[in-house]
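Spelled out from the first residue to the last, the chains are:
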Amino acid sequence: MCSRYMCNCMREVLTNRLSMIKMEDKKMLKKLRNMNVKPKLLVSFIMIVGIASISGILGLILLTSTDSKYSKALVVNGFTQGDIGSFNACLYKNSAVVRDIIMLKDADELKAAQQNLVDIQEKSQDSLEKLKKNCNTVKEKEYIAIIEEQLPIYRDLRDKIIQLGLQNKNDEAFILLRTQANPILDEIMTATENLVDLNVT
């Protein structure tokens, strides 16, 4: 009973309030109608400026928020993907240079290829170190662990393959490359591809 009485009271208060608002609106409209053209234009101009200012402030807030989110995504994901791409490129180049060393006969060309391999390894290690700094999730660390575990094994096999190539044991070198080194390289590349998938924004 008490609850019904309170509801009725609230309804009456709201009805009265709405009536007052309507009356105020009517008074305002009447004032606007009775105004001269100049004050009407001034009021309209002030209203337009007010609405435009509010829109501008809201737009600035949204733009700042979007810029902040995008900058964060670029710093984390953008640089991570760049380091992954650089590391992957080094792996591809490494594989190509190893094949060249097996096939090359000219001493100068072999020397240049070996130096190229040293440079590629330095660059790949630098890319990996940068990559590790931005890979902080559990899944990312799992893929980094695979790379760090398999990379030294691949490099040891690669050095054996190069030695076989330098000794003109090309058949043995290619067999070792195909049966042992390449599967490990594929495993490393799969881990880097999975890292890219995790960092796509």
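Residues numbered from 1 in each chain as written. Predicted model: local features only at pLDDT ≥ 70, side-chain atom pairs only at ≥ 80, totals over all residues. Heavy atoms only, no water.

Colleague: I would appreciate a short explanation of helix α3 (residues 107-134) in the present structure.
Modeller: Helical geometry note: an α-helix holds 3.6 residues per turn, so side chains three or four residues apart project in the same direction. An ideal rise of 1.5 Å per residue puts 40 Å on 28 residues; α3 measures up with 41 Å between its terminal C-alpha atoms. Listed in full, the buried residues belonging to α3 are L110, A113, L117, I120, S124, S127, L128 and L131. Of the residues that open α3, the one with a side-chain oxygen 3.1 Å from the backbone nitrogen of D108 is D106. (Helix = DSSP H or I, 4+ residues; strand = E, 2+ residues; numbered from the N terminus. Expected span 1.5 Å × (residues − 1). Buried < 20%, exposed > 50% of the residue type's maximum accessible area, 1.4 Å probe, protein only. Polar contact = N/O pair within 3.5 Å; in protein donor to acceptor, adjacent residues only side chain to side chain.)

Colleague: Looking at this model, I keep getting lost on the side chain of N88. Mind explaining?
Modeller: Relative to the assigned elements, N88 resides in helix α2 (residues 37-103). Judged by its relative accessible area of 13%, N88 falls in the buried class. Other than its neighbours up to four places away in sequence, N88 contacts M189 and T192. (Contact = heavy atoms within 4.5 Å.)

Colleague: Would you mind showing me how to read helix α4 (residues 138-166) here?
Modeller: Taking 1.5 Å of rise per residue, the 29 residues of α4 would be expected to cover 42 Å, and the 42 Å separating its terminal C-alpha atoms lies within 8% of that figure. In α4, a bend of some 25° at Q150 exceeds every other bend along the element, and P152, a proline, comes one to four places later. With its phi angle positive at about 65°, N168 sits one or two positions after the end of α4. (Bend = angle between axes of the 7 residues up to and from the residue.)

Colleague: Explain the nonpolar core here, please?
Modeller: Residues I161, I188 and L195 are the most contacted members of the largest nonpolar core, which totals 34 residues. Sorting the residues of this core by element identifies α2, α3, α4 and α5 (170-198) as the ones contributing at least two each. Looking at which element gives the most residues to this core, the answer is α5, with ten residues. When neighbours within four sequence positions are excluded, I188 is seen to be in contact with F87, L91, I147, Q150, L151 and Y154. (Core = buried A, V, L, I, M, F, W, Y, C linked by side-chain atoms within 4.5 Å.)

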